[in-house]
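Each chain is listed here by its residues.
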Amino acid sequence: MKISTNLDENIEYLENLFADSGDLVKRKFPIGTSRRRWAYVIYLDGMTDRGVVEQTILPRLMASSPKTPEAFFHEPISLLETLKDGGMTTADLREETDMDNIVHMILSGDTAMLLDGDCAGILIATRGWPNRGVPETSVEVVVQGSNEAFSEVMRFNTALLRRRVKDTNLKIKQSNVGRRTKTDIAVCYMEDVVRPEVLAEVEQRLANITIDGILDAGALEELIEEDTNSPFPQCQITERPDKAASGIMEGRVAILVDNSPTAILVPATMNSFFQASEDYSQGWEIMSFTRILRFAAAFFALALPGLYIAITTFHPNMLPTLLAFKMAAAREAIPIPAVLEILIMEFAFELLREAGIRLPRPVGSSIGIIGGLIVGEAAVAAGIVSPLVVIVVALTGIASFAIPNYAIVSAFRICKFLIIALAATLGLLGFWIALITILIHLASMKTFGLPYLFPFASGDVNGYTDFKDSLFRAPMAFMKKRPIYANPNQQNRQQPPNNLGNPHVKE
């Protein structure tokens, strides 16, 4: 709908549209000393910085005009142009002729000003909604490195990225999704480093979203994934601006969603979920050991309960004789089979995990530790489970906490029960069938055109360079190439000495 030259018609349309909105602030007032021309200002209280509107804009317009009102009738320049050029001291304003865009920007926190006799309005950037500033990380905690985290305000998040990547090639394309929420999103990437086909695929998937509303990055993540039936994440969620900036410099695309304190990084291979920000803040020796420990923890978190069931139930002859006797003695008074023991303790552990998350933070950690000790000890004392089962379940839980990404841990939690079911049915044969099935599923997956298991699969495509940052982390001096995410024309991240002054030179 186009803006009418009749100010009263515009006012009637807007006030009918915002009927019963108690947070709407509006005022019609004359401009200048002669009071011959009228203006109308409208904004939403709480979404707007009222100080900017009432102390900077309105007093200047109501007290006097940049030119005398008589000049408007003798010069060809319009009142709209005059106000834009000198009537308002704020720099961030623009002209708008579409009423629907005016309404959208009012709902986003901007102030709209309509003028009598003009078929266009002025949008003034006055967004000032409540926020908690730049918080500290609460999920991806590191021992050494930055503690800044994304906030719920998208403009703060883009500033955190700009602060870390001071390069004009960092592009931030803003749009909105959701027919009703019209949630602002920003697609952030390095123009010369990103793969054009990946960027085009991201933009295409975002453009294809037709939904009433997006309220969080997690909902957007599910809508842009390729395989929605897979428990394994195909996008990486991070709350850390340093991690998002690092991903962007590697050629990945970061998607910021307004009202969400996280960023979505794509593409995301399985290897990326085992990398933490502090891996590059400490020495390569200790971080390589830590990286290997994480992969080992992933295997234990996925396979340990199923392996225990398969061996103790079907293949006890594989155990050393002394250990087999001790396990048999421990299970002698247990009235239920081993698989039921494991399921009872796993179920109890999952309940404690969820309870620890939902309870207030000071209480949650205590409940998790004390509850686990009490439940485990009580179950052993009651003769419901054997001590070894408690140890197996506890080791499985501890191993899952060693993995730095919660989404991949959730996938392992689901697959763990598949392994338990097949191991309880077919023993070691079922155990290996389950593992191979999961491996085939992972090998068949792609993330925005890249193999999900890269560099463990198809590593030769990038000259096996990505192995330097996979199971172990090589010294920074040896990691001269960017990962597979980057444009093939921009593979070098460490330039030769003669190119140090030109970071955008093609290799």
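On a predicted model such as this, the values are computed, not experimentally measured, just so you know.

Definitions and limits used
- Residues numbered from 1 in each chain as written.
- Predicted model: local features only at pLDDT ≥ 70, side-chain atom pairs only at ≥ 80, totals over all residues.
- Heavy atoms only, no water.
- 1 Å grid on protein atoms, 1.4 Å probe; cavity = no way out; pocket = protein on both sides within 12 Å on 5 of 7 lines; lining within 4 Å.
- Points joined across faces, edges and corners; volume = space filled by probe spheres on them.
- Helix = DSSP H or I, 4+ residues; strand = E, 2+ residues; numbered from the N terminus.
- Nonpolar A, V, L, I, M, F, W, Y, C, P; charged D, E, K, R; others polar.
- Phe/Tyr/Trp six-rings, centres within 6.5 Å; stacked < 30°, edge-to-face > 60°.
- Buried < 20%, exposed > 50% of the residue type's maximum accessible area, 1.4 Å probe, protein only.
- Lys NZ or Arg CZ within 6 Å of the ring centre and 35° of its normal.
- Arc of directions from axis to C-beta.
- Contact = heavy atoms within 4.5 Å.
- Pairing = 2+ DSSP bridges.
- Axes fitted to C-alpha atoms, helices over the stretch in contact; angles between N-to-C directions.
- Parallel < 35°, antiparallel > 145°, perpendicular 65-115°, else oblique.
- Left-handed = near helix turned anticlockwise from the far one by under 90°.

Draft legend 1. Inspection of the layout of surface pockets at higher detail. Estimated volume of the second largest pocket: approximately 720 Å³. Ala245, Ser246, Met249, Glu250 and Arg493 are the residues nearest the centre of the second largest pocket, which is lined by 28 residues in total. For the lining of the second largest pocket, the leading source of residues is helix 9 (residues 241-249), giving six residues. For the lining of the second largest pocket, the class distribution of residues is 10 nonpolar, eight polar and 10 charged.

Draft legend 2. Molecular detail of the packing of aromatic side chains. Considering all chains together, one arrives at eight aromatic pairs under this definition. Relative to Phe467, the ring of Tyr464 has its centre 6.0 Å away and its plane inclined at 25 degrees; by these criteria the two rings are stacked. In this structure Phe467 comes out as partly exposed when scored by relative accessible area, which is 29%. Of the aromatic side chains, those joined through ring pairs into one cluster are Phe274, Phe295, Phe456, Tyr464 and Phe467. The aromatic ring of Trp38 is capped on one face by Lys28, whose charged end is 5.4 Å from the ring centroid. When the ring centre of Tyr485 is taken as origin, the NZ or CZ atom of Arg252, which lies over that ring, is 4.9 Å away.

Draft legend 3. Expanded view of helix 6 (residues 154-164). Those residues of helix 6 not exposed but buried are Met154, Asn157, Thr158, Leu160 and Leu161. Taken around the axis of helix 6, the buried residues stretch over an arc of 155 degrees, which confines them to a single face. Buried residues in helix 6 make contact with strand 6 (170-177), strand 7 (183-190), helix 9 and strand 9 (253-257).

Draft legend 4. Main features of the sheet that holds strand 9. On the basis of which strands lie adjacent, the open sheet formed by five strands has the order 6-7-9-10-8 and antiparallel pairing. Among the strands making up the open sheet, the edge pair consists of strand 6 and strand 8 (236-238). Strand after strand, the sheet turns through a mean of 25 degrees between neighbouring axes, direction not considered. Bridge analysis of strand 9 against strand 10 (residues 263-266) gives four bridges, and the strand direction is antiparallel.

Draft legend 5. Inspection of the environment of Lys182 at higher detail. With respect to the helices, strands and loops of the structure, Lys182 is situated in the loop between strand 6 and strand 7. In this structure Lys182 comes out as partly exposed when scored by relative accessible area, which is 35%. When the C-alpha positions of Lys182 and Gly213 are compared, they lie 6.9 Å apart, and in sequence the two are 31 residues distant. For Lys182, the residues in contact, after removing those within four places along its chain, are His104, Asn176 and Val177.

Draft legend 6. Local environment of the packing of helix 10 (residues 284-314) against helix 16 (residues 428-444). It is the contact of helix 10 with helix 16, at a shortest axis distance of 9 Å, that shows an interaxial angle of 160 degrees. Here helix 10 lies roughly antiparallel to helix 16, going by the angle between them. The element helix 10 and its partner helix 16 pack so that their crossing is right-handed. Facing Phe299, Leu302, Ala303, Gly306, Leu307 and Ala310 of helix 10, the residues of helix 16 in contact are Leu428, Phe431, Leu435 and Ile438. For the contact of helix 10 with helix 16, a count of residues per class yields nine nonpolar, one polar and no charged.

Draft legend 7. Here's a closer look at unusual backbone geometry. Of the consecutive residues Val266 and Pro267, the connecting peptide bond is found in the cis state with omega at -5 degrees. If you trace the backbone, Pro267 turns up in the loop between strand 10 and helix 10. Residue Pro455 follows Phe454 across a cis peptide bond; omega there is 5 degrees. Mapped onto the secondary structure, Pro455 falls in the segment after strand 12 (450-451). At Lys182, a residue that is not glycine, the phi angle is positive and equals roughly 45 degrees. Here the phi dihedral of Ser458 falls at roughly 65 degrees; this positive angle occurs in a residue that is not glycine. Tracing the backbone through its elements, the reader meets Ser458 in the segment after strand 12.

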